[in-house]
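One-letter residues, chain by chain:
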Amino acid sequence: MDHPRPRGNQPVVLGVDSSTPRPVSPMSPDLDVPMLEMRGITKRFPGVVANEGVDFTVRSGRVHTLLGENGAGKSTLMKILFGLYRPDEGSVHLEGTEVEIRSPADAISRGIGMIHQHFMLVPTLTVAENVALGLGGAWGFSDLRPIRQRLVEVSERYGLQVDPDAFIWQLAVGERQRVEILKALFRDARILVLDEPTAVLTPPEVTDLFTTLRQLRDDGRGLVFISHKLHEVMEISNEITVLRDGRIVGNTVPESSSRESLAQMMVGRPVLFTRTVQPHDPGEDRLVVRDLVVQGDRGNLAVDKVSLSVRAGEILGVAGVSGNGQRELAEAIFGLRPVESGGIDIDGVPADSLAPKAVRSKGMAYVPEERMRDGVIGEFTVAENLVLVDHGSPPYTRWGFLRFGAIKKQCTRLVQRYSVKTPMLETLTRSLSGGNIQKVVIAREFSCGAEILVVSQPTRGIDVGAAEYVHEQLLGQRTAGAAILLISEDLDEVLQMSDRVAVIFRGQIMDQLPRSEATAMRVGRLMMGLKAE
Amino acid sequence: MSEFFTTTAIVATLASGIRLSAPFLIAALGESVGQRAGVLNLGVEGVMLIGAYAAYNTALETGNVLAAVFVAVLMGVLMGAIYAFITVVMHAQQGISGIGIYLFGLGITDLLFQKQVGTPKPIDGLQTTSVPLLGDIPTVGEIFFRHNALVYVAYLLIPVVWFVVNRTTFGLNIRSVGETPEAADTLGVSVTWTRVSAILIGNGLAALAGAALALEIGIFQYNLTAGQGFIAIALVYFGAWRPSGIMAGALLFGIVSSTVLQWKTLGIVSGSASSFTAMAPAVLTILVLVVVSRRIGQPSALTNPFDRSD
């Protein structure tokens, strides 16, 4: 092809000649040419080296995966690429020329697009307005017609169906992600970074996303795929770079690696993959939810006639895409949110409209999804957080005074038993890593003698090692006879841990399946609101 | 009471209600622009006082009403620049910074008044301008089309503010930085400049509201605005951040105030009862705030400073 490669820093002029929209994808078809090279990138933060001498190359028509645990330095590297951080050492080269990327706007104008894990969308604006944002327009009036027209073209070409006039808040998570991708394509992104794009998607949506990604790759774009889901990495990557503690620990291709070898590189030790839940006979119903109706924060119907029951020695997994009523369900069961109608029974005794303290006295414990907001008090010490439930009763309190001896004894025991890595018991909880904070919550909730556990998103945002540990603890509680309601947006986790799987969609339980019938595809379709095929 | 329910009294009350609503309306529309961009300015009252004094003093010195309005708006924009520097550039807490602006405005206008003017001297304020033809319609014309220029400006600002916020690129930027500044930033919209501009507009309008008040009454005194700036902030919530809602709230306050005045004039209420009636706008403010405490439609990033490195 002899047409010149488009320069990304050309101003995008809209609304001037809307009758002949520019070609959607004037990409060079040259494949396997280095488009971006990051050389010797080092970035230090107070007390941490986030990146140390990292080399990273993106080639046209290739998907380069960046693999690593939370805190391995993937995000830092990508934030440097996107102009959010400046590297302390090293250089960034685009098509052979060294560049200094000063801001996200600078990165965009150089043809770098980023699909952030937390979508960068304005919920109160429409799809077209979100795409138009920052593009300017004729005479300062925002004329959305040319935008809408091009949107339709680009979305048809890449199979990214979305209504240009819908408000973002009306869209499902998968659709929001399509808007993010469209935003980047609209700005002629030749290098596209996708930060954990599959974390929020159902399996059928992941299949669709991968179809789109392959098409973008075949157009000659360079793609950076960030994930820690190894089967996806094996499926989509052309090249894999593994980061650990800010350094590159491996560079490989899927053909010469396996899930096990990648996991070992990522964590630094062998990881157990095939944990199976040994079937055993559960006991009596402990927690029963009947036709429960609960309102959301905006007065919307968040939980719509949900009925569930959890038996002793059983894990009931609730799968669903984020924001389908899971949080409201858990909060209502634990007495944190008023029940509109329906009922909650604990051991056959009505337990709705009870305060959390009364719910706890009936033998229930709760691991909330927002551990920093609802699980611990960040400004309190580890010891204080560990006794926060029982701190007002003996042996921790006598005559209204805290007994530090008894507290210290119990906390020392808990920290050892649940392998919480903390310098001291007096360390402020917020300074621990996410995984260790979660261990503090688990230690407190699992050690208070509760036999009914409501556990929300127990491994979200924590590293593989800590997640493995949390899972072991959950299975231990199950063996000990606890009735466990496990609410998780991580479908792999639900499928791996549960005896039965319930799927929640728009506040309703779509179906409940025994473990043997719950395949990823079947549950995934239910998570999207599709009933049986 | 019967003397109030005469056509003359009711027409006069409604006309004066529209006139009294103008400062509320101008100040609240300005505040709404700032809030849509994510900046709460509790200093509206102080900036109104500065605008009022600037207009009064200029009119006193030059006798030129247009110059008075111009100087007032200029002073408002200047105060806006100070407030923008404190809150947007230095990321200071918006609530307490706004209270600082209010106290500054309250103090400085009194000080300057004492030093420069001393004893109250009335000025030739704004003249009533009857709209040709429309102003001659009986009743309707009296109520709607015989006001001073700034009343018309106030009502013309309603569609103007709506259009700027909803139909221009600048307005799109304002709405995005008020909801999700991170998203705007990644798309190359300058959060800082968008917010600074919104603050300058808001403060310019607050000062204009003060000028409208001073030029209407034709006098300045300590704490001339008597809480109108705070009511204007409440009106933004009452109107759910929409110009039409703000207009409804401003009219409500204007008409309640004019009714109270009318009752006093007609002697329907007198003595201690009249003091109680005078509290009506304040009571109404509290009721309104209780009713609209749901905060539906509040910009998500309101009062949140934006710092990219966070």
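Reading the values: the criteria
Residues numbered from 1 in each chain as written. Chains lettered and ligands numbered in written order. Predicted model: local features only at pLDDT ≥ 70, side-chain atom pairs only at ≥ 80, totals over all residues. Helix = DSSP H or I, 4+ residues; strand = E, 2+ residues; numbered from the N terminus. Rg over C-alpha atoms; globule rule 2.2 N^0.38 Å. Buried ≥ 20, exposed ≤ 12 C-beta atoms within 10 Å, placed from the backbone. Contact = placed C-beta atoms within 7 Å. Pairing = 2+ DSSP bridges. Axes fitted to C-alpha atoms, helices over the stretch in contact; angles between N-to-C directions. Nonpolar A, V, L, I, M, F, W, Y, C, P; charged D, E, K, R; others polar. Parallel < 35°, antiparallel > 145°, perpendicular 65-115°, else oblique. Left-handed = near helix turned anticlockwise from the far one by under 90°. Domains from an automatic or database assignment. pLDDT = per-residue confidence, 0-100. Expected span 1.5 Å × (residues − 1).

Draft legend 1. Here's a closer look at the overall build of chain A. Along its length, chain A carries 17 helices and 22 strands. By the compact-globule yardstick of 24 Å for 533 residues, chain A fits well, its C-alpha radius of gyration being 25 Å. Projected onto its principal axes, the C-alpha coordinates of chain A cover approximately 80 × 45 × 45 Å. In chain A, buried positions account for 45% of the 533 residues. For chain A, the proportion of contacts with a sequence separation of at least 24, taken over those separated by at least 6, is 70%.

Draft legend 2. Region of the structure containing the sheet that holds strand 4 (residues 89–94) of chain A. All names here are of chain A. In space, the 4 strands of this open sheet follow the order 2-1-4-5, with antiparallel pairing throughout. Of all strands in the sheet, those with a lone pairing partner are strand 2 (48–59) and strand 5 (97–99), marking the two edges. Geometrically, the sheet is characterised by an average inter-axis angle of 25 degrees between neighbouring strands, direction not taken into account. In terms of strand pairing, strand 1 (residues 34–45) meets strand 4 through 5 bridges, oriented antiparallel. By the bridge assignment, Arg-39 is partnered in strand 4 with Ser-91.

Draft legend 3. View of the interface of chain A and chain B. If you look at the interface, chain A gives 19 residues, while chain B gives 18 residues. Looking at the side of chain A that touches chain B, the element that brings in the most residues is helix 2 (residues 104–109) of chain A, giving 3 residues. Residue classes in the side of chain A that touches chain B are distributed as 12 nonpolar, 6 polar and 1 charged.

Draft legend 4. Main features of the pairing of strand 14 (residues 341–346) of chain A. All names here are of chain A. Where strand 11 (residues 285–295) and strand 14 come together, 5 bridges link them in antiparallel fashion. Each residue of the ladder has a partner; that of Val-293, found in strand 14, is Ser-341. With 2 bridges connecting them, strand 14 and strand 15 (residues 349–350) associate as antiparallel partners. Residue pairing for strand 15: Ile-346 is matched across the bridge by Val-349. Counted along the chain from strand 14 to the antiparallel partner strand 15, the turn is 2 residues long, and its residue Asp-347 has a positive phi close to 50 degrees.

Draft legend 5. Seen up close, the packing of helix 11 (residues 243–266) of chain B against helix 13 (residues 280–291) of chain B. Residues and elements named next belong to chain B. Where helix 11 contacts helix 13, the axes come no closer than 9 Å and their chain directions differ by 150 degrees. In terms of orientation, helix 11 and helix 13 fall into the roughly antiparallel class. Helix 11 and helix 13 meet at a crossing whose hand is right-handed. Here helix 11 contributes Phe-253, Val-256, Ser-257 and Val-260 to the contact with helix 13, which in turn contributes Ala-280, Pro-281 and Leu-284. Classifying every residue of the contact of helix 11 with helix 13 gives 6 nonpolar, 1 polar and no charged.

Draft legend 6. The domain arrangement of chain A, seen in detail. Residues and elements named next belong to chain A. Taken domain by domain, chain A comprises domain 1 (34–267) and domain 2 (285–527). Placing the centre of domain 1 and that of domain 2 at their C-alpha centroids yields a distance of 33 Å. Tallying the contact residues gives 9 residues for domain 1 and 14 residues for domain 2.

Draft legend 7. Inspection of the confidence of the model for chain A at higher detail. Residues and elements named next belong to chain A. Residues with a pLDDT of 70 or more make up 92% of chain A, whose mean pLDDT is 86. No element of chain A has a lower mean pLDDT than strand 17 (residues 397–398), at 80, and none a higher one than strand 20 (residues 483–488), at 95. In the predicted structure, residues 1–26 sits below a pLDDT of 50 and forms 35 contacts with residues beyond four places in sequence or in another chain.

Draft legend 8. Layout of helix 9 (residues 191–217) of chain B. Residues and elements named next belong to chain B. Taking 1.5 Å as the rise per residue, helix 9 with 27 residues should run 39 Å; its terminal C-alpha atoms sit 39 Å apart, in good agreement. Counting buried positions along helix 9 yields 22 of 27 residues, so the element is predominantly enclosed. Downstream of helix 9 by a residue or two, Gly-218 has a phi angle that is positive, lying close to 80 degrees.

Draft legend 9. Looking closely at the environment of A:Leu133. Mapped onto the fold, A:Leu133 is located in the loop between helix 3 (127–132) and helix 4 (145–158). Between the C-alpha atoms of A:Leu133 and A:Val122, which are 11 residues apart in sequence, the distance is 9.6 Å. Setting aside residues no more than four positions away along its own chain, A:Leu133 makes contact with B:Leu172, B:Ser176, B:Ala184, B:Leu187 and B:Val189.

Draft legend 10. A look at the pairing of strand 3 (residues 63–67) of chain A. Residue and element names in this part refer to chain A. Of all 5 residues in strand 3, 5 are buried; the element is thus mostly enclosed. Side-chain alternation along strand 3 places Val-63, Thr-65 and Leu-67 on one buried face and His-64 and Leu-66 on a second face that is also buried. Bridge count for strand 3 against strand 8 (residues 222–227) is 5 bridges, and the pairing is parallel. By the bridge assignment for strand 8, Leu-67 is matched with Ser-227. By the bridge criterion, 4 bridges tie strand 3 to strand 9 (residues 239–244) in an arrangement that is parallel. Residue pairing across strands places Leu-67 opposite Val-242, the latter belonging to strand 9.

Draft legend 11. A look at the sheet that holds strand 9 of chain A. All names here are of chain A. Taken in spatial order, the 6 strands make up an open sheet running 6-7-8-3-9-10, and their pairing is mixed. Either end of the sheet is taken by a strand with one partner, and the two such strands are strand 6 (112–115) and strand 10 (247–252). Strand-to-strand twist across the sheet, computed as the mean angle between neighbouring axes with direction ignored, equals 20 degrees. With 5 bridges connecting them, strand 9 and strand 10 associate as antiparallel partners.

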